[in-house]
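What follows is the residue order along each chain.
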Amino acid sequence: MPLALLAIGSVIDQKKYEVIIIDARVEENVLELIKRHIKDALCFGVTIITGAPIKDGLYISKKVKEFAPDVPVIWGGWHTSLFPTQPIEEHSFIDITVQGQGEESFKDLVDHLGGGIPLDKVKGIAYRNNGNVLKNPPRQMVAMDSFGRVNYDLINVEKYFKKKGKRQFDFISSTGCYFRCAFCADPFVYKRKFTAIPAAKMGDDLEYYYKKYRFSDLNFQDETFFTNLKRIEEFTKELIHRKINISWAATMRADQGERLDDKIWKLCKQSGLRRLLIGVESGSQEMLDWMKKDIKLSQVFFCAQQCNELNISVIFPFIVGFPLETDESVADTVKVIKQLSSQNPNFETPIFYFKPYPGSTITDEVVNNGYALPSSTEEWGDFDYIGSSGPWVSNEKEDFFEAFKFYLKLGYGRKRGILFYPLRKIGQWRCNNDQYKFPIEKFIIEIIRTNQRLS
Ligand code: SF4
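Residues numbered from 1 in each chain as written. Predicted model: local features only at pLDDT ≥ 70, side-chain atom pairs only at ≥ 80, totals over all residues. Heavy atoms only, no water.

Undergrad: I'd like a rundown of the side chain of His 79, residues and numbers included.
TA: Topologically, His 79 is positioned in helix H4 (residues 78-82). Take His 79: its relative accessible area is 0%, and that puts it in the buried class. (Helix = DSSP H or I, 4+ residues; strand = E, 2+ residues; numbered from the N terminus. Buried < 20%, exposed > 50% of the residue type's maximum accessible area, 1.4 Å probe, protein only.)

Spelled out as C-alpha cells, the structure:
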C-alpha cells in the first residue's frame, strides 16, 4: 500500500483540500485520471525511491506539466532526501522537493501554496525561485503520535487485497532508526533519530482498521519495529485484549531479539506474530564489525532458536560483494546461510549483491576510492538494486552465488511433496558438498515453476 502518500495525504486539512491518490499499480488509465483532476489541482506530488521508480516519476511529472503548466510538481521520498536539488536543477517540470519525514513539510507546503505565500519559510524543502534553486533549512523530526489517524479511505483498500491475493494490511508504526549500518542511507536521512506511535494509540487505530477493512494479516513496514521493547510488549497485549485476531509480520534486529524477554517473545507469538525479517548481512563477524552492523552472530542464532521453538518464520537477508570482501568472509557467509536454512524450512536466506546506496558511509568510501556513481537523476533511474552484482563481484563468484541460491532453495525451501522429494535431496546434497556444476535440475524446475505472487 502507498503508505508514504497515505501519511502525507492524511495530515493536510481535508475540509479545505481534496486529496486524490493515484497509484498506477492498481489503477487503469492513469493519464486519463490525472488529466481529469489536474486542472483544478493545487499541486501534484510524487513519491520517489532511488532506482527504477525515478523513470516513472520523470515520465508522469512531465506529462503533468503538459496537462497543467501552472500546477507545481513536488517530489518527495528517499531519493529527494538524498538529492534535494538535483531533480529541480535538471528538470524544469519538477518545482519542489521534500526532504526527510514528509508529513509536516508537505502540510506546511500545501498551506503556503494555497495561500499564495512565498516558500522561503517552509522547512525541509528545496524549490525553484526566479530561476534559482534554493534549499531551506531542514525540519526536525516530529513525534508520530502528534499525527492523527491515517485515512486509508484515500485509497481503495480492497484493490490492494486483491492485488496481494490476501487480506493483508500494511501499516507503519515508526519512522527512522537509531543504528548506524554503514551500507544504509537511513542514518543520513533520519540522522539516527526514531519516533513511534505509542502502543495504546496503535491498539485504537488497528482496532478501528480491523473492524473497517476486515484484514487477516498485518504487515509492518517499519525499519526497526522492535526498537522499544516495552512498546512491543504493550502492543501485543493490545492485540490480545482487543481480540484483534490476525497474524502479523515485522522487522527485528538480532540484538533486539536477544534483549527481548522470553515472556515478550511468547506474547508476540500469542498475538499472531507469523514472520520476522532479521538482517544478518554477513556470516563474518569481522565484516559485521566493519560495516557497523552492531550485532553478533550469536544473537542471530539466538533469534533463530527462539523462532524455531515458537514456530515463527524468518527472512534472514544477506549481502555479498562488499568492496574488499575476502574469500574467507564469503565462505563464512555461505556457512552461516547453510546453518540457518537447514534449521527450518520457514527460514529464508535471500542473498543480495552490495550496491552503493547514496547517503551511506561505505558509498562515500568507494567514491573516494574512484567509484563513479550515476551523475544525473535520469542515470539514478537505471541504478538497479535487485539481482545485479557490482564491480566487486567477479563473474565466477556471481555464477557460484546464483547456483548456490538455486540449490539452497531447492534443498531447504518450503516446497514439499512426494514428487519433489528427490529434487530436494539433490539440492541438499549439492549444497552440502558445494557441487553446482551441470544444473539439470534447474532446467526441470524452470519448466514447472509457477509465477510468484506479489508480497
Ligand atoms: S540497516 Fe536497518 S538497523 Fe541498520 S541503519 Fe539501516 S534501518 Fe537501521
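So much for the structure itself; the text now carries on.
Undergrad: I'd like a rundown of unusual backbone geometry, residues and numbers included.
TA: A negative phi holds for most residues other than glycine; trans holds for most peptide bonds. A positive phi angle is found at Asn 311, which is not glycine, with a value near 60°. Among the structural elements, Asn 311 can be located in the loop between helix H14 (297-310) and strand S12 (313-315). Phi is positive for Asp 434, which is not a glycine, with a value near 50°. Tracing the sequence through the fold places Asp 434 in the loop between helix H19 (421-433) and helix H20 (440-448).

Undergrad: Lay out the pattern of salt bridges in plain terms, naming residues and giving numbers.
TA: Inspection of the entire model under this criterion finds 31 salt bridges. One salt bridge connects Asp 23 with Arg 25, and the closest N-O pair in it is separated by 2.6 Å. Take Asp 23: its relative accessible area is 9%, and that puts it in the buried class. For Lys 397, the salt bridge is made with Asp 327, and the minimal N-O distance between the two is 2.7 Å. (Salt bridge = Lys/Arg side-chain N within 4 Å of Asp/Glu carboxyl O.)

Undergrad: Any details on the nonpolar core? Residues and values, ideally.
TA: Membership of the largest hydrophobic core comes to 106 residues, with the highest contact counts inside it found for Tyr 152, Phe 226 and Trp 248. With 8 residues, the top contributor of residues to this core is helix H18 (residues 395-412). (Core = buried A, V, L, I, M, F, W, Y, C linked by side-chain atoms within 4.5 Å.)

Undergrad: Pulling in residues and values, what's your account of the packing of H14 against helix H15 (residues 327-341)?
TA: Interhelical geometry of H14 versus H15 gives an angle of 15° and a closest axis separation of 11 Å. When the axis of H14 is compared with that of H15, the two are roughly parallel. Like other packed secondary-structure pairs, H14 and H15 cross with a definite hand, here right-handed. Contact residues: H14 offers Val 300, Phe 301 and Ala 304, while H15 offers Val 336, Gln 339 and Leu 340. Of the residues belonging to the contact of H14 with H15, the class tally is 5 nonpolar, 1 polar and no charged. (Axes fitted to C-alpha atoms, helices over the stretch in contact; angles between N-to-C directions. Parallel < 35°, antiparallel > 145°, perpendicular 65-115°, else oblique. Left-handed = near helix turned anticlockwise from the far one by under 90°. Contact = heavy atoms within 4.5 Å. Nonpolar A, V, L, I, M, F, W, Y, C, P; charged D, E, K, R; others polar.)

Undergrad: Go over the sheet that holds strand S2 (residues 73-76) with me, naming the residues and quoting the values.
TA: Spatial ordering of the open sheet is given by S1-S2-S3-S4-S5, a layout of 5 strands whose pairing is mixed. Two strands lie at the open edges of the sheet, namely strand S1 (44-47) and strand S5 (132-135), each paired on one side alone. When the angles between neighbouring strand axes are averaged without regard to direction, this sheet yields 20°. As judged from the 4 bridges shared by strand S4 (residues 125-129) and S5, these two strands associate in the antiparallel manner. When the bridges of S5 are listed, Tyr 127 appears paired with Leu 134. The sheet contacts of helix H3 (residues 53-67) involve S1 and S2, and relative to S2 the element is tilted by about 165°. (Pairing = 2+ DSSP bridges.)

Undergrad: Break down the sheet that holds strand S14 (residues 347-348) for me, citing the residues and quoting the values.
TA: Across the sheet, which stays open at both edges, the 6 strands sit in the order S6-S9-S10-S11-S12-S14 with parallel pairing between neighbours. Bordering the open sheet on either side are strand S6 (168-171) and S14, each of which pairs with just one other strand.

Undergrad: Lay out the packing of aromatic side chains with the relevant residues and their values.
TA: Between two aromatic rings, the relevant description is the distance of the centres plus the angle of the planes. Summed over the entire model, instances satisfying the criterion amount to 35 aromatic pairs. Relative to Tyr 209, the ring of Phe 169 has its centre 5.2 Å away and its plane inclined at 40°; by these criteria the two rings are tilted. You can see Phe 169 sitting in strand S6 and its partner Tyr 209 sitting in helix H9 (residues 199-213), a full 40 residues away along the chain. Of the two residues, Phe 169 and Tyr 209, both sit in the buried class. Looking at Arg 149, its charged tip hangs above the ring of Tyr 208, at a distance of 4.0 Å from the centre. Over the ring of Phe 188 we find Lys 191, and its NZ or CZ is 4.5 Å from the ring centre. (Phe/Tyr/Trp six-rings, centres within 6.5 Å; stacked < 30°, edge-to-face > 60°. Lys NZ or Arg CZ within 6 Å of the ring centre and 35° of its normal.)

Undergrad: Before we move on, can you summarise the domain arrangement of the protein with the specific residues and values?
TA: Taken domain by domain, the protein consists of domain 1 (3-135), domain 2 (166-393) and domain 3 (407-455). The distance between the C-alpha centroids of domain 2 and domain 3 comes to 26 Å. Taken together, the contact between domain 2 and domain 3 spans 11 residues of the former and 10 residues of the latter. Roughly 810 Å² of surface becomes buried between domain 2 and domain 3 when both sides are summed, with 49% attributable to carbon and sulfur atoms. On the surface where domain 2 and domain 3 come into contact, there are 2 salt bridges. Two residues, Arg 414 and Glu 348, come together in a salt bridge whose shortest N-O distance is 2.7 Å. Connecting domain 2 to domain 3 are 3 residue pairs in polar contact (both at pLDDT 80 or more). Residue contributions to the side of domain 2 that touches domain 3 peak at 3 residues, all from H15. Classifying every residue of the side of domain 2 that touches domain 3 by side-chain character gives 2 nonpolar, 6 polar and 3 charged. (Domains from an automatic or database assignment. Buried area = accessible area lost by both parts, 1.4 Å probe. Polar contact = N/O pair within 3.5 Å; in protein donor to acceptor, adjacent residues only side chain to side chain.)

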